[in-house]
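# Fold and contact review
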Amino acid sequence: MTVYRGMGHGRKVVTTAGTDVVLAATTPAKLVIIQAETDNTGIIVVGSSGVDWTLATRTGVALSAGEAVTLEINNLTNVYIDAAVSGDGVTYTYLI
């Protein structure tokens, strides 16, 4: 069983669809749960730098509104999101 020292949370919005954005500034973390906001109208993808929501060239994990993914990581700066619709976003909780 893994014991975590603490937790935090945040929210990130893709202001311009088709432009990947880093989830957060340098933030050490061991695990992050990322959920597409429930009022999103398009697909959000989660991955590394260069992640792309476009169907023909999609990379990363695609999430519809309300869906979530859990990732083991070492820093939130390693996680990026992209969106099909400007203004769609995610909420996240991370464990350290």
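Here is what the cut-offs are and how they apply
- Residues numbered from 1 in each chain as written.
- Predicted model: local features only at pLDDT ≥ 70, side-chain atom pairs only at ≥ 80, totals over all residues.
- Heavy atoms only, no water.
- Helix = DSSP H or I, 4+ residues; strand = E, 2+ residues; numbered from the N terminus.
- Rg over C-alpha atoms; globule rule 2.2 N^0.38 Å.
- Buried < 20%, exposed > 50% of the residue type's maximum accessible area, 1.4 Å probe, protein only.
- Contact = heavy atoms within 4.5 Å.
- Areas by Shrake-Rupley, 256 points an atom, 1.4 Å probe, with all protein chains shown as cover.
- Lys, Arg positive; Asp, Glu negative; His and termini not counted.
- Charge placed at Lys NZ, Arg CZ, Asp CG, Glu CD.
- Salt bridge = Lys/Arg side-chain N within 4 Å of Asp/Glu carboxyl O.
- Pairing = 2+ DSSP bridges.
- Axes fitted to C-alpha atoms, helices over the stretch in contact; angles between N-to-C directions.

## Some thoughts on the overall build of the chain
A tally of helices and strands in the chain yields 0 helices and 8 strands. Taken over the C-alpha trace, the chain has a radius of gyration of 13 Å; the compact-globule value for 96 residues is 12 Å, and the two agree within 12%. C-alpha atoms of the chain, sized along the principal axes, occupy 40 × 25 × 20 Å. Every one of the 96 residues in the chain was classed for burial, and the buried ones make up 36%. Taking as baseline every contact in the chain between residues at least 6 positions apart, the subset at least 24 positions apart corresponds to 82%. Carbon and sulfur atoms make up 53% of the accessible area of the chain, which totals about 5200 Å². Mean positive and mean negative side-chain charge positions of the chain (5 and 8 charges, respectively) differ by 11 Å.

## A look at the pattern of salt bridges
Side chains carrying opposite charge are able to pair once their charged atoms draw close together. Throughout the structure, instances matching the rule amount to 1 salt bridge. For Glu37, the salt bridge identified is with Arg11, shortest N-O distance 2.6 Å. On the criterion of sequence distance, the pair formed by Glu37 in the loop between β3 (31-36) and β4 (44-47) and Arg11 in strand β1 (residues 7-13) is long-range, its members being 26 residues apart. Of the residues examined, Glu37 reaches a relative accessible area of 12% and is grouped as buried. Relative accessible area serves as the criterion here: at 52%, Arg11 is assigned to the exposed category.

## As for the sheet that holds strand β8 (residues 89-95)
Strand pairs in the sheet, formed through backbone hydrogen bonds, run parallel or antiparallel to each other. Reading across the sheet, the 4 strands line up as β1-β8-β3-β6 and stay open at both edges, with antiparallel pairing between neighbours. Because the sheet does not close on itself, it has two edges, and the strands there are β1 and β6 (68-72). The mean inter-strand angle of the sheet, taken between neighbouring strand axes irrespective of direction, is 20°. Strand direction decides the pairing type here: β1 and β8, joined by 7 bridges, are antiparallel. Directly across from Gly10, in β8, lies its bridge partner Tyr92.

## Structural notes on the sheet that holds strand β7 (residues 80-83)
Taken together, 4 strands build an open sheet; the order of strands is β2-β7-β4-β5 and the sheet is antiparallel. Taken across any chain shown, the strands that pair with only one partner, and hence form the sheet edges, are β2 (21-22) and β5 (61-63). With 3 bridges connecting them, β4 and β5 associate as antiparallel partners. For Ile44, the partnering residue across the bridge sits in β5 and is Leu63.

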